[in-house]
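Summary of the model geometry
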Amino acid sequence: MEAGDIEHNLRIVAGQISAAAESCGRDPGEVQLIAVTKTFPAQSILAATAAGQLRFGENRIQEAESKIHALSGIPGIEWHLVGHLQSNKAKRAAELFQVIHSLDSTKLAVRLSEACSAIGKVMHVLLQVDLGQEETKYGADPDEVRNIIDAASGLAGIRIEGLMTIPPYFEDPEETRPYFSALRQLRDALESEHAGCLGQGHLSMGMSHDFAVAIREGATMVRVGTAIFGERTYA
Ligand SMILES: *Cc1c(COP(=O)(O)O)cnc(C)c1O
């Protein structure tokens, strides 16, 4: 996709984010846009940075690594891991990312804590929640989430800042709404059980076709790929 198209799409998405936030009385500034760049080249990411976008999401370490290195000279660029992380890759993730959206086990929390501490970094992490969606392979169920919080809250090198979920795909985004509201309710319940246990209490939810609904249910981070960079083709 041409740089001008990416810039145009970013403007449209930003407008839709603002409209969704304003429609429910929220400040659009509370919603961070994470531009998800998996399968897209560094050149497309560069075009997005030229249009002012600095937060990017990748879902595989291997693929992210070369792009992150290629774009490391851009001041303020921020990388979010939105895909599953195996604990044996915690060290590389610690070096590459600023935010990890997919923490889903105590074992991974411990590995990340060790890896981040070793390089003097404090990684912001979100707990990926499995809300009972059948096709999801990853994520912790709400009881496991409580266990991870108990185990990880005292660990150096990582700071829990909220929750993330990937709901099933529905043609009609209104059908996704119950998953978004369930994540918000879980956040609120956890915070009332233990004030401050989720840091800033971020909710990472909503993708290209349903981010407006997610924002109306309280999303503070939306992860948007296709609406900015076009359809992905997988080799
Ligand atoms: C690919 C991906 C997205 C973006 O999806 P689009 O439908 O292209 O906006 C968001 N979150 C995760 C975890 C992804 O893997």
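This is a predicted model, so every value here is computed, not measured.

**Structural notes on the pattern of salt bridges**
Scanning all chains against the criterion turns up 14 salt bridges. Of the charged contacts, one joins Lys67 and Glu58 as a salt bridge, the two residues approaching to 2.7 Å between their closest N and O atoms. When sorted by exposure, Lys67 lands in the same class as Glu58, which is buried. Between Lys67 and Glu63 there is a salt bridge, with the nearest N and O atoms lying 2.8 Å from each other. Of this pair, Lys67 and Glu63 are both found in helix 3 (residues 61-70), four residues apart, which corresponds to roughly one turn of the helix. By relative accessible area, which is 23% here, Glu63 ends up partly exposed.

**Structural notes on the pairing of strand 3 (residues 78-81)**
Across four bridges, strand 2 (residues 55-58) lies against strand 3 in parallel orientation. Residue Gly57 lies in a different strand from strand 3, and its bridge partner there is His80. Running through helix 3, the crossover from strand 2 to the neighbouring parallel element strand 3 is right-handed.

**As for the pairing of strand 5 (residues 123-128)**
Among the six residues of strand 5, five are classified as buried, and the element is accordingly described as predominantly covered. In terms of strand pairing, strand 4 (residues 99-103) meets strand 5 through three bridges, oriented parallel. Residue pairing in the sheet places Leu103 in a bridge with Leu127 of strand 5. With helix 5 (residues 106-118) bridging strand 4 and the parallel strand 5, this β-α-β connection has right-handed handedness. As paired strands, strand 5 and strand 6 (residues 158-164) are joined by six bridges and run parallel to one another. The partner of His124 across the bridge, within strand 6, is Arg159.

**Considerations on the site of the ligand**
All residues in the neighbourhood of the ligand are listed as Val36, Lys38, Asn59, Val82, Ile166, Met207, Ser208, Arg223, Val224, Gly225, Thr226 and Arg232. Within the side chain of Lys38, a nitrogen or oxygen atom sits 2.6 Å from an oxygen atom of the ligand. Take Arg223: an N or O atom from its side chain is 2.9 Å from a nitrogen atom of the ligand. In isolation the ligand exposes 390 Å². Once the protein is present, 90% of that is buried.

What counts as what
Residues numbered from 1 in each chain as written. Predicted model: local features only at pLDDT ≥ 70, side-chain atom pairs only at ≥ 80, totals over all residues. Heavy atoms only, no water. Salt bridge = Lys/Arg side-chain N within 4 Å of Asp/Glu carboxyl O. Buried < 20%, exposed > 50% of the residue type's maximum accessible area, 1.4 Å probe, protein only. Helix = DSSP H or I, 4+ residues; strand = E, 2+ residues; numbered from the N terminus. Pairing = 2+ DSSP bridges. Right-handed = clockwise from strand over helix to strand, strands pointing away. Near = heavy atom within 4 Å. Polar contact = N/O pair within 3.5 Å; in protein donor to acceptor, adjacent residues only side chain to side chain. Areas by Shrake-Rupley, 256 points an atom, 1.4 Å probe, with all protein chains shown as cover.

Function cannot be read off these values alone, since they describe shape.
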